[in-house]
Amino acid sequence: MRLRLVRRNVLLLLGVIFVLVTLLFSTRVLIESENDPGAASSRVVSSNGNQGTNSCEILSFVSLTELTQSIYSANYKQCVHNADRFPGEPRLILVVQVHNRPEYLRLLIRSLERAAEVHSFLLIFSHDYVSQEINTIVRGITFCKVLQIYFPFSTQLYPNEFPGQDPRDCPRDISKEEARKTGCLNADHPDSYGHYREAFITQTKHHWWWKLHFVWERVHAMQGYSGFAVFLEEDNYILPDFFHFYKLMMGFRKTSCQDCDLFALGNHNGVTDFSSMSDKVLTSGWLSTKHNIGMAISREVYYKLMGCSNEFCTYDDYNWDWTLQHLSGACISNPLKVVSAQASRVLHTGDCGLHQKDNCRPEMALQKVEAGLQTAKDSLFPPRLVLSRQEPVEHKAHMKNGGWGDVRDHVLCNNYSKRL
C-alpha cells in the first residue's frame, strides 16, 4: 500500500513540475515577444505557406545595383504569396508578361478575380519593368496564389549598356558603310533591311523566350505540374468561364484531337457572334495573327521549341509570335496544330503598346469590355465543345520583320538556359 502511495505521489509531483516548466517557458516567450517587436515580425509566411524565418523578398529601389540584386534574389527565392490560404497543387497556371502599363494590369486582375474557380490558379507575373506601383498592384491580389519573376536582362536594369541601348551602338538608320567609318559597336550586324537594333524593340522577344525557359525549368511550383501553362499579357482580359472552357479543351484534346499541340483560348474578334460561337472550336496550323492570345503550352511542346532554340534566337524577326510561326514546319518537322476557341475567352484591352505610347485610354477599354460581357453573359459556360471546322495544318511562310540582326542578341538569347 505504501509503495503505491509513493508511486502515485511521484507521478503527481512530476506532473506538477511539467506544468510549471511549461508555464514558465510560455511566459518567457510572451515577455520576449513584447519586448522585441521585431521578433514577431520576423516570423512571416514563407513560399510554401508555412510559418518560416525568411521573409518574402522585398525589392529595393534605392539604386540600380540594389534593384538588380533584389531581382536576382527574388528569382532565386520564388516566394509564392497566398500559399497558406490556398494549399495544394494548382489546377491551372497562368503566366502574365508585364511591362509598364499598370492601368491595364488592374483590368486584367479585375477579370481574374471574377473568374470561376480562380482560387485554384497559380498566377505567375513575369516583369521586365519594376516599380513600386506595379509591385503594389500584384501584391494586392488575395484570391489565389501568386508568384512574381523578373526578367534579369531588361533595359531598365541595363539602361546604358547591352542588352539596353549602349551610347556607342549604331543609330538605327545609319548605313553600314557610315557605321563602319564611325566605329560604332555593332557596325557589322544590321538586320535584313539594313537597320541596327533598338533595345526597346528587342526586349519583348528576349523576355518571352527567357520566361518560357524559366517557367518550365526553374519555377519550383511547376515541378510535377502536368497541365498546360496559359500565356497572357498585361493588356488581356479573361472571361468568367475561362477555366471552364480550358477544361473542356483538355477533354476535347483527349477524345478528339490527341495530336493537337496547343490551345488558343482567345482570338482577336472580341465578342462578335459570341452567342452562336460560344461552344465552337476549330483546328488548324498555328498562326501568329490568330493564335497569339491566350496561348496554352504543354511541357511537351516546350521541349519541341527548345530543340529549335538556335533557330528562334537567330531568326531575324523581333516578334516572338512570328518567329514561332516560322519554327512551325521549318524547324519543327510537323507544323504545330492548335485547337482554338471561336468565341474568345481572352479579350485584348490595350489600345497602345510597343509602337504607340500616347492617348492610352484604359477607361474606354473597360467600358467596351463590360458592354461585351453583357452581350455574352447568357452564352458562357457551354456544356460541351463542338468542332465546327478543321483547317489544313501546314507551314505558313511569311516575310520576316527584321529588328533582330545583332549577334549579341543571338548569343544572349541562346544562353538563357545556361544563365537562369
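This structure is a prediction, so every number in the text was calculated from the model and none was measured.

One pass over the structure, following the stated rule, counts 21 salt bridges. With a shortest N-O distance of 3.2 Å, glutamate 198 and arginine 172 are connected by a salt bridge. Highlighted residues: glutamate 198 in the loop between helix 6 (176-182) and helix 7 (199-217) and arginine 172 in the loop between strand 5 (145-150) and helix 6, separated in sequence by 26 residues. On the accessibility criterion, glutamate 198 (26% relative accessible area) is partly exposed. Overall, the relative accessible area of 34% leaves arginine 172 in the partly exposed class. Aspartate 261 is the partner of lysine 304 in a salt bridge, and the nearest nitrogen-oxygen pair spans 2.9 Å.

Right, let's talk about the confidence of the model for the protein chain for a bit. Do not read the fine detail of predicted coordinates wherever pLDDT is low. Averaged over the protein chain, the pLDDT score is 87; the fraction of residues at 70 or greater is 84%. Segment residues 1-8 is flagged for pLDDT under 50; beyond a separation of four residues in sequence, or across chains, it makes 0 contacts in the model. In this model residues 16-54 is a low-confidence stretch, pLDDT under 50, and it forms 26 contacts with partners more than four residues away in sequence or in other chains.

With that settled, the discussion passes to helix 7. Between the first and last C-alpha of helix 7 there are 26 Å, a value that for 19 residues agrees with the 27 Å anticipated at 1.5 Å per step. For helix 7, a buried count of 16 out of 19 residues is recorded, marking the element as mostly surrounded by other parts of the structure.

Further remarks concern the pairing of strand 9 (residues 280-285). A large share of strand 9 lies buried, amounting to 5 of its 6 residues. As paired elements, strand 9 and strand 13 (residues 386-390) share 4 bridges and run parallel to each other. Bridged to leucine 282 within strand 13 is arginine 389. Summarising the sheet, strand 9 and strand 11 (residues 337-341) pair through 5 bridges and their orientation is antiparallel. Directly across from leucine 282, in strand 11, lies its bridge partner serine 340.

With that settled, the discussion passes to the sheet that holds strand 3 (residues 92-98). Spatially, the 9 strands line up as an open sheet ordered 5-4-3-6-10-8-11-9-13, and their pairing is mixed. Two strands bound the open sheet, and with one partner strand each, they are strand 5 and strand 13. Averaged over neighbouring strand pairs, the angle between their axes works out to 25° when direction is ignored. Across 7 bridges, the pairing between strand 3 and strand 4 (residues 121-127) is parallel. When the bridges of strand 4 are listed, leucine 92 appears paired with phenylalanine 121.

Under the counting rule described, the total for this entry stands at 17 aromatic pairs. Taking 6.4 Å as the distance between ring centres and 45° as the angle between the ring planes, the aromatic pair formed by tryptophan 208 and phenylalanine 231 counts as tilted. Taken as a pair, tryptophan 208 in helix 7 and phenylalanine 231 in strand 6 (residues 229-233) lie far apart in primary sequence, 23 residues in all. Note that lysine 205 overlies the ring of phenylalanine 312, its terminal NZ or CZ placed 5.0 Å from the centroid.

What counts and what doesn't
- Residues numbered from 1 in each chain as written.
- Predicted model: local features only at pLDDT ≥ 70, side-chain atom pairs only at ≥ 80, totals over all residues.
- Heavy atoms only, no water.
- Salt bridge = Lys/Arg side-chain N within 4 Å of Asp/Glu carboxyl O.
- Helix = DSSP H or I, 4+ residues; strand = E, 2+ residues; numbered from the N terminus.
- Buried < 20%, exposed > 50% of the residue type's maximum accessible area, 1.4 Å probe, protein only.
- pLDDT = per-residue confidence, 0-100.
- Contact = heavy atoms within 4.5 Å.
- Expected span 1.5 Å × (residues − 1).
- Pairing = 2+ DSSP bridges.
- Axes fitted to C-alpha atoms, helices over the stretch in contact; angles between N-to-C directions.
- Phe/Tyr/Trp six-rings, centres within 6.5 Å; stacked < 30°, edge-to-face > 60°.
- Lys NZ or Arg CZ within 6 Å of the ring centre and 35° of its normal.

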